[in-house]
Amino acid sequence: MLITRWDPKLALSKYPYFFDRRFDSCLESNEDTLIPDFAPVVDIEEKDKQYVVTVELPGVKKDDVKIDLKDNVLTISGEKKMVRKIDEKNFHQSERIFGSFQRCFRLPELVDQQQISAEFKDGILNIAIPKSVAIQPKTIEIKVK
Amino acid sequence: MSIVRWSPRGSWLDLRNEFDRMFDSIFNPRYEEETSLSAFNPAVDIIEEDKAYQIHVELPGLNKDDIKLSVKDNYLSISGEKKRESKIEDKNYQRTERIFGSFQRNFRLSDSVEADKIEAEFKEGILNIVVPKKKESLAKQIEVKVK
């Protein structure tokens, strides 16, 4: 491996630290993107061997969530449905938002796309995206003579 | 309207609430203690049905044991703490939109509900509270006879 000069512009385009902003990736990946009713909050955490994407989806059924990977853009979409149709006049307070949702994130190039896994529990969607072996940290022992 | 939301940060546009609050804080100091300054304020729906009120609170990622529900002096109080799953250094985060911390929401109950028979269930990140109405306050059907 060569040691090359650090170019901030190049870093922006290549480096995995810069996940895209809210809807940018959605617009670039599917031309027919509809504007969703809401955007669930997301945490993205980098670990040694994987990225973990955590999405808050309280009250959403597992079957109503869709995870899609196309052109290196991870799309989480779906619909949050009311348990049953409730007449508007019966609401004393309505703070929760229902309807369609979508979030898109451009993945760093060096991830193992085949090994992406997801789990949904207690209203939290956890997506594990393993880094490709090439970017996993290596420990090199230095021997002092 | 029987269940009225008690808002610690009421809108200034809602002058009546603001005045109520001012007087409450003068005559009822406990009112002030309930003020939640937490950034995490879970969303709540309250739906009136024939026999009960349904309260739905969004609490994704919480454990059943992290939620406390109590009734005191005609106030239904939902409180607890949303904890991170694991202690993680900030530098590992690419994006942090989720909010953690303690929370409290209070709702004044009317006299027409049975406070002793409130039931709650926690499932898929949603806390469902059922507040049954008293029998005597249930809607009655009166047949109108036309002569």
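Conventions used here
- Residues numbered from 1 in each chain as written.
- Chains lettered and ligands numbered in written order.
- Predicted model: local features only at pLDDT ≥ 70, side-chain atom pairs only at ≥ 80, totals over all residues.
- Heavy atoms only, no water.
- Helix = DSSP H or I, 4+ residues; strand = E, 2+ residues; numbered from the N terminus.
- Buried < 20%, exposed > 50% of the residue type's maximum accessible area, 1.4 Å probe, protein only.
- Contact = heavy atoms within 4.5 Å.
- Areas by Shrake-Rupley, 256 points an atom, 1.4 Å probe, with all protein chains shown as cover.
- Pairing = 2+ DSSP bridges.
- Salt bridge = Lys/Arg side-chain N within 4 Å of Asp/Glu carboxyl O.
- Axes fitted to C-alpha atoms, helices over the stretch in contact; angles between N-to-C directions.
- pLDDT = per-residue confidence, 0-100.

Draft legend 1. Seen up close, the overall build of chain B. Looking only at helices and strands, chain B has 2 helices and 9 strands in total. Taken from N to C terminus, the helices and strands of chain B fall in the order β-α-α-β-β-β-β-β-β-β-β. Per-residue burial for chain B yields a buried fraction of 42% across its 147 residues. Intrachain contacts of chain B at a sequence separation of at least 6 include 58% that bridge at least 24 residues. Total accessible area on chain B stands at roughly 9,600 Å², and carbon and sulfur atoms take up 49% of it.

Draft legend 2. How the structure looks around the pairing of strand S4 (residues 67-72) of chain B. Residue and element names in this part refer to chain B. Relative to strand S5 (residues 75-82), S4 is paired through 6 bridges, and the arrangement is antiparallel. The residue of S5 that forms the bridge with Val-71 is Leu-76. Where S4 folds back on S5, the antiparallel hairpin that results is connected by 2 residues, among which Asp-73 adopts a positive phi of roughly 50°.

Draft legend 3. Region of interest: the pattern of salt bridges. Tallied over the full model, the rule gives 15 salt bridges over all chains. Close ionic contact of B:Arg98 with A:Glu56 constitutes a salt bridge, the shortest N to O distance being 2.9 Å. With one member in each of two chains, B:Arg98 in the loop between strand S6 (93-96) and strand S7 (101-108) and A:Glu56 in strand S2 (residues 50-56) form a pair that bridges those chains. Judged by its relative accessible area of 12%, A:Glu56 falls in the buried class. In this structure, the salt-bridge partner of A:Lys81 is A:Asp64, at a minimum N-O distance of 3.3 Å. Here the residue A:Lys81 occupies a position in the loop between strand S4 (73-80) and strand S5 (91-94), and A:Asp64 occupies one in the loop between S2 and strand S3 (65-70), the gap between them amounting to 17 residues. Among the residues examined, A:Lys81 registers a relative accessible area of 44% and is labelled partly exposed. Relative accessible area serves as the criterion here: at 18%, A:Asp64 is assigned to the buried category. A cluster of three or more residues bridged by salt bridges with shared partners is formed by A:Glu56, B:Lys82 and B:Arg98.

Draft legend 4. How the structure looks around the sheet that holds S4(A). All names here are of chain A. Taking strand neighbours across the sheet as the criterion, the 3 strands line up as S3-S4-S6 in an open arrangement whose pairing is antiparallel. What marks the edges here is a single partner per strand, and that holds for S3 and strand S6 (99-106). Taking the axes of each pair of neighbouring strands and ignoring which way they run, one obtains an average angle of 15° across the sheet.

Draft legend 5. Main features of the confidence of the model for chain A. All names here are of chain A. Here chain A averages 79 in pLDDT, and 76% of its residues register 70 or above. Within chain A, strand S8 (residues 124-130) carries the highest mean pLDDT (94), whereas helix H1 (residues 8-14) carries the lowest (52). Confidence drops under a pLDDT of 50 for residues 14-23, and excluding neighbours within four residues, the segment shows 29 contacts in the predicted structure.

Draft legend 6. How the structure looks around the environment of A:Ile116. Along the chain, A:Ile116 turns up in the loop between S6 and strand S7 (117-121). Once you skip the residues sitting within four places of it in the chain, A:Ile116 turns out to touch A:Leu69, A:Leu107, A:Ile127, A:Ala128, A:Ile129 and A:Pro130.

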